[in-house]
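Structural description and commentary
For reference, the chains in residue letters:
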Amino acid sequence: MNAPWALPLEELRFNPDGLIPAIAQDWLDGAVLMLAWMNRQALAQTLASGQVHYWSRSRQELWHKGSSSGHFQHLKAIRYDCDADVLLLSIEQQGGIACHTGARSCFYGSGDQISSGGAAALPPPADACTELARVIQGRLKDPEPGSYTNKLLEGGDNRILKKIGEESVEFVMACKDNAPDQIAAEAADLLFHLQVALAHHGVSWRQVQEVLAGRRDAPRREN
C-alpha cells in the first residue's frame, strides 16, 4: 500500500545520531500520547505501512509500536515543525493505550509525587469539550452535593431534555439577534446540556467525535 503522505525527507533535520523526535497525538481530541524517536528507516516504514514505527534507543532496533502489546498506532496525518527537526504524528491509538505502563498517555505525571502510571493514571489534557465530558462523567460516578450536573442527572430525561429545549430556543434567539458573544454563551450552555444527556444515556463524547470525523470524507449530499 502506498501511503498518502509526502514529506521533504531531505530537508528534515535528524540529530547527529540520525534520529528525530516524534510526538504522537490523538487524532480526535488532540491529547499528547507519547514522545519517541525515529530514524530514516522507522519514518520510511511508517509512511509505507500507515502504522507507526519508532527507533528504540535502548534496544538499538526498529520498533513497530504495538507489535508485542497489540496497541498499534495508525497514522492519520503527519507534520513537521518550523525547524523541520520535530515530527507531529496524528494517530489512532488501537486499544486506547499508548504507554507501556497501561496508561492512555505517557504524560500522566503531575505534582511532586511520581506516579507509576497504569489504567488509573491521570488522563492527558485534551480539548475543552473532552475535558467537560470528563467532569460530567466524574459527577455521574461520584455525585457531588449541590452540583447542578447531579441535579440534572437525578432528574433524568424529563429534566435534562427540558433544559436542552430551553437552551436550544435561547441559542436560536441569540442567532436571530446576531449577538456573537451571546451566541457563543448559549452554544456553550447547549453543548453542556447535550453532554449531560449523552452521559445519562451512556454515550461518550468520543463516540460523537468519531461520528463527526467519519463524515469528513463522506459523499456530499445533494440537498
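Structure: above.
None of the values given here were measured: they were computed from a predicted structure.

1. With respect to the overall build of the protein chain
Looking only at helices and strands, the protein chain has five helices and six strands in total. Mapped from its N terminus to its C terminus, the protein chain presents α and β elements in the order β-β-α-β-β-β-β-α-α-α-α. A compact globule built from 223 residues should have a C-alpha radius of gyration of about 17 Å, whereas the protein chain, at 22 Å, is more than 25% larger. Projected onto its principal axes, the C-alpha coordinates of the protein chain cover approximately 60 × 50 × 30 Å. In the protein chain, buried positions account for 33% of the 223 residues. Excluding contacts between residues fewer than 6 apart, the proportion of contacts in the protein chain whose partners are at least 24 apart in sequence is 48%.

2. Examining helix α5 (residues 205-214)
For an α-helix, the turn length of 3.6 residues means that residues three or four places apart are oriented alike. The set of residues buried in α5 consists of Trp205, Gln209 and Ala213. Along the axis of α5, the buried positions cluster into a sector of 75°, meaning they face one direction only. Next to the buried residues of α5 lie α2 (128-141) and α4 (180-200).

3. Overview of the pairing of strand β5 (residues 73-80)
Note: β5 against strand β6 (residues 87-93), seven bridges, orientation antiparallel. By the bridge assignment, Ala77 is partnered in β6 with Ser90. What sits between the antiparallel neighbours β5 and β6 is a turn of six residues, in which Ala84 has the positive phi angle 60°.

4. Notes on the pattern of salt bridges
Applying the stated criterion across every chain yields a total of 12 salt bridges. Salt-bridge contacts for Glu92 lead to Lys76; the nearest nitrogen and oxygen are separated by 3.5 Å. One end of the pair, Glu92, is in strand β6; the other, Lys76, is in strand β5, and 16 residues separate them in sequence. Judged by relative accessible area, which is 33%, Glu92 ranks as partly exposed. Between Lys162 and Glu166 there is a salt bridge, with the nearest N and O atoms lying 2.6 Å from each other. Here the residue Lys162 and the residue Glu166 both occupy positions in helix α3 (residues 148-176), the gap between them amounting to four residues, near one helical turn. Glu166 sits in the partly exposed class, given a relative accessible area of 29%.

5. Quick notes on the packing of aromatic side chains
As enumerated under the stated definition, the model contains two aromatic pairs in all. On the numbers, 5.2 Å between centres and 45° between planes, the contact of Tyr54 with Trp63 is tilted. The exposure class assigned to Tyr54 is buried, which follows from its relative accessible area of 0%. Seen from their ring centres, Tyr148 and Phe192 are 6.1 Å apart, and the 25° between their planes marks the pair as stacked. With Tyr148 in helix α3 and Phe192 in helix α4, this residue pair connects regions lying 44 residues apart in the sequence. Sitting over the ring of Trp27, Lys76 keeps its end group 4.2 Å from the ring centre.

6. Examining the side chain of Glu186
If you trace the backbone, Glu186 turns up in helix α4. Side chain to side chain, Glu186 and Gln182 meet in a polar contact 2.7 Å long. Apart from the residues within four sequence positions on either side, Glu186 is in contact with Glu167, Glu170, Phe171 and Ala174.

7. Description of the nonpolar core
Residues Leu12, Met38, Leu43, Tyr54, Ile78, Leu87 and Leu89 are the most contacted members of the largest nonpolar core, which totals 23 residues. Listed by contribution, the elements that provide at least two residues to this core are β1 (20-26), β2 (32-38), α1 (40-49), β5 and β6. Here the element with the most residues in this core is β2; it accounts for four residues. Ignoring sequence-local partners within four residues, the contact set of Leu87 consists of Leu12, Ile20, Pro21, Ala22, Ile23, Met38, Leu43, Ile78, Arg79 and Tyr80. Listed in part, the 10 residues of the second largest apolar core include Ile136, Leu153, Val196 and Ala199.

Cut-offs used in this document
- Residues numbered from 1 in each chain as written.
- Predicted model: local features only at pLDDT ≥ 70, side-chain atom pairs only at ≥ 80, totals over all residues.
- Heavy atoms only, no water.
- Helix = DSSP H or I, 4+ residues; strand = E, 2+ residues; numbered from the N terminus.
- Rg over C-alpha atoms; globule rule 2.2 N^0.38 Å.
- Buried < 20%, exposed > 50% of the residue type's maximum accessible area, 1.4 Å probe, protein only.
- Contact = heavy atoms within 4.5 Å.
- Arc of directions from axis to C-beta.
- Pairing = 2+ DSSP bridges.
- Salt bridge = Lys/Arg side-chain N within 4 Å of Asp/Glu carboxyl O.
- Phe/Tyr/Trp six-rings, centres within 6.5 Å; stacked < 30°, edge-to-face > 60°.
- Lys NZ or Arg CZ within 6 Å of the ring centre and 35° of its normal.
- Polar contact = N/O pair within 3.5 Å; in protein donor to acceptor, adjacent residues only side chain to side chain.
- Core = buried A, V, L, I, M, F, W, Y, C linked by side-chain atoms within 4.5 Å.

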